[in-house]
Amino acid sequence: MMEYQNTRDYARMCDQEDPLSSFRNRFHLPLDANGQPAVYFAGNSLGLQPKTAAEYVLIELEDWRKLGVEGHVHARHPWMRYHELVAGQSAELVGGLPHEVVVMNSLTVNLHLLMVSFYRPTNSRHKILIEADAFPSDKYAVASQARFHGYDPAESIIELQARPGEASLRTEDILETIRSHGNEIATILVGGVNYYTGQYFDLQAITAEGHNAGCVVGFDLAHAIGNVEIQLHDWDVDFAAWCSYKYLNSGPGGIAGVFVNERHSNDSSLPRFNGWWGHDKETRFAMPDTFKPVGTAEAWQLSNPPILQLASLRASLDMFEEAGFGRLIDKSRKLTGYLEWLVKQIEGVESITPGSPADRGCQLSLRVDGDGRDVFSRLTGSGVICDWREPDVIRVAPVPLYNSFEDVYRFATELKRSMMEAV
Ligand SMILES: *Cc1c(COP(=O)(O)O)cnc(C)c1O
């Protein structure tokens, strides 16, 4: 590979050589104040709208209009089985078997539903392990679960802290915590990719160490799915959950997904909250009194799913399939590598995201000297959409499906200018 160069021509040349460059035109890009496409680096918060999303949703609106209830069976994509289409595609992205994945609800709801089954504290083993800087919703969820079971979160939650002066967690420290507290930990629930630092944890090692200590191991893949390579089944992870409006571009509040290892799907000793959509498909409409679970992750489904949300998700997952996830990862590493290289040349900016491509996805979290908020608002003013996290971090995520090398170049140029102009 060529050496990176800090010029617009070089960035444009990379775009010309990029086999995935045409996918950018298949998304609606927000415009900046000059009517030009903004540099959109916020796909880690809300993915852009695929141009096909409206079509996919319109098909379902049309079938509903024409068929009413009969659409469950006679729609072009019968609603009764619609969720199976996206379950299979989602399973590909997390390395699960198709019957280990179900698409339903929203993320925090699913975390709670999964903890009903996978957080079963006893007096000797009631703790939950989570990152200290986990996404707040996850921290609220685990604390409320501990309380729900009659435990004090102050005693039941163990937080993984980075060493003083370090932003990332060291795998050896995570594993050591599991070794030393494992016999008290009921459930490990860590983010796959940490939302704040962008660190991709070693899920395989955490799972193995957790199982060794007798813990149940699950991951929140909100920032991981569609962003990094994951092998939940092969790594023997117990459960996982994610949302789909970040890297999967399903739209604001889009439908979420879960993974339940097939080892657990027929375990009748596991408590679970049930609803009719988790009931055996053959007899569901006989409306029997007794619940008979589907023998797969679908047993965790409660309700019939929102088809319009499934449709917008499918628009994006069809593109993932077409682009090929391996090719997306290749591009992602080049894009983020280029961003990292350019940013290193800007004085007063430091990435707190791991430097090794194996330990991160596309996001870099940049710590800026001086008045970071001022730098951030100048960036926004120049047509860059990214986000600010207190106290001093700008998160930027060049997404391989729709961002270009020229976006990365433009971002670095604007960041440098903003740093110089900021007070
Ligand atoms: C984005 C995100 C959430 C958001 O939760 P919702 O239930 O979708 O609102 C939760 N946890 C993590 C780790 C996230 O990144």
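Definitions and cut-offs
- Residues numbered from 1 in each chain as written.
- Predicted model: local features only at pLDDT ≥ 70, side-chain atom pairs only at ≥ 80, totals over all residues.
- Heavy atoms only, no water.
- Domains from an automatic or database assignment.
- Contact = heavy atoms within 4.5 Å.
- Buried area = accessible area lost by both parts, 1.4 Å probe.
- Salt bridge = Lys/Arg side-chain N within 4 Å of Asp/Glu carboxyl O.
- Polar contact = N/O pair within 3.5 Å; in protein donor to acceptor, adjacent residues only side chain to side chain.
- Helix = DSSP H or I, 4+ residues; strand = E, 2+ residues; numbered from the N terminus.
- Pairing = 2+ DSSP bridges.
- Axes fitted to C-alpha atoms, helices over the stretch in contact; angles between N-to-C directions.
- Near = heavy atom within 4 Å.
- Areas by Shrake-Rupley, 256 points an atom, 1.4 Å probe, with all protein chains shown as cover.
- Nonpolar A, V, L, I, M, F, W, Y, C, P; charged D, E, K, R; others polar.
- Phe/Tyr/Trp six-rings, centres within 6.5 Å; stacked < 30°, edge-to-face > 60°.
- Buried < 20%, exposed > 50% of the residue type's maximum accessible area, 1.4 Å probe, protein only.
- Lys NZ or Arg CZ within 6 Å of the ring centre and 35° of its normal.

Caption draft 1: Quick peek at the domain arrangement of the chain. In terms of domain boundaries, the chain breaks down into domain 1 (8-51 + 325-422) and domain 2 (77-320). Centre-to-centre, using C-alpha coordinates, domain 1 lies 29 Å away from domain 2. Counting from both sides, the interface comprises 33 residues of domain 1 and, opposite them, 23 residues of domain 2. Surface buried jointly by domain 1 and domain 2 totals about 2,300 Å² across both partners, of which 60% is contributed by carbon and sulfur atoms. The three residues of domain 1 that bury the most area against domain 2 are Pro50, Phe325 and Ile352, which together make up 22% of that side's buried surface. Counting every contact that joins domain 1 to domain 2 gives zero salt bridges. Across the domain 1-domain 2 interface, the total number found is nine residue pairs in polar contact (both at pLDDT 80 or more). Secondary-structure elements contributing two or more residues to the side of domain 1 that touches domain 2 are helix 12 (325-344) and strand 15 (393-396).

Caption draft 2: Expanded view of the sheet that holds strand 12 (residues 364-368). Judged by pairing direction, the sheet is antiparallel, and its four strands sit side by side in the order 11-12-15-14 without closing on themselves. On the outer flanks of this sheet lie strand 11 (349-351) and strand 14 (387-389), each paired with one strand and no other. Put simply, the sheet's adjacent strands are angled 30 degrees from each other on average, direction ignored. In this structure, strand 12 lies alongside strand 15, joined through four bridges in antiparallel fashion. Its bridge partner lying in strand 15, Leu366 is registered against Ile394. The strands that helix 12 touches are strand 11, strand 12 and strand 15; relative to strand 12, the one it contacts most, it runs at about 10 degrees. With respect to the sheet, helix 13 (residues 372-381) is in contact with strand 12, strand 14 and strand 15, its orientation differing from that of strand 14 by roughly 170 degrees.

Caption draft 3: Up close: the site of the ligand. In the vicinity of the ligand, the residues found are Leu107, Thr108, Phe135, Asp138, Asp220, Ala222, His223, Tyr245 and Lys246. At 2.6 Å, a side-chain N or O of Thr108 approaches an oxygen atom of the ligand. In the environment of the ligand, an oxygen atom lies 2.5 Å from a nitrogen or oxygen atom belonging to the side chain of Lys246. Taking 390 Å² as the accessible area of the ligand by itself, protein coverage stands at 82%. For the shell around the ligand, the class distribution of residues is four nonpolar, two polar and three charged.

Caption draft 4: Local environment of the packing of aromatic side chains. Evaluation of the coordinates by the stated rule reveals 17 aromatic pairs. When the ring of Tyr40 is compared with that of Tyr402, the centres are 6.4 Å apart and the planes differ by 55 degrees; the resulting orientation is tilted. Separated by 362 residues along the polypeptide, Tyr40 in strand 2 (residues 39-40) and Tyr402 in the loop between strand 15 and helix 14 (405-421) bring together distant segments of the chain. Note on accessibility: Tyr40 and Tyr402 belong to one class, buried. When the ring of Phe41 is compared with that of Phe411, the centres are 5.5 Å apart and the planes differ by 45 degrees; the resulting orientation is tilted. On the criterion of sequence distance, the pair formed by Phe41 in the loop between strand 2 and strand 3 (49-50) and Phe411 in helix 14 is long-range, its members being 370 residues apart. Each member of the pair, Phe41 together with Phe411, is buried. The ring of Trp300 has Arg272 lying over it, and the distance from NZ or CZ to the ring centre is 4.9 Å. The cationic tip of Arg284 hangs over the ring face of Trp277; the distance from NZ or CZ to the ring centre is 4.1 Å.

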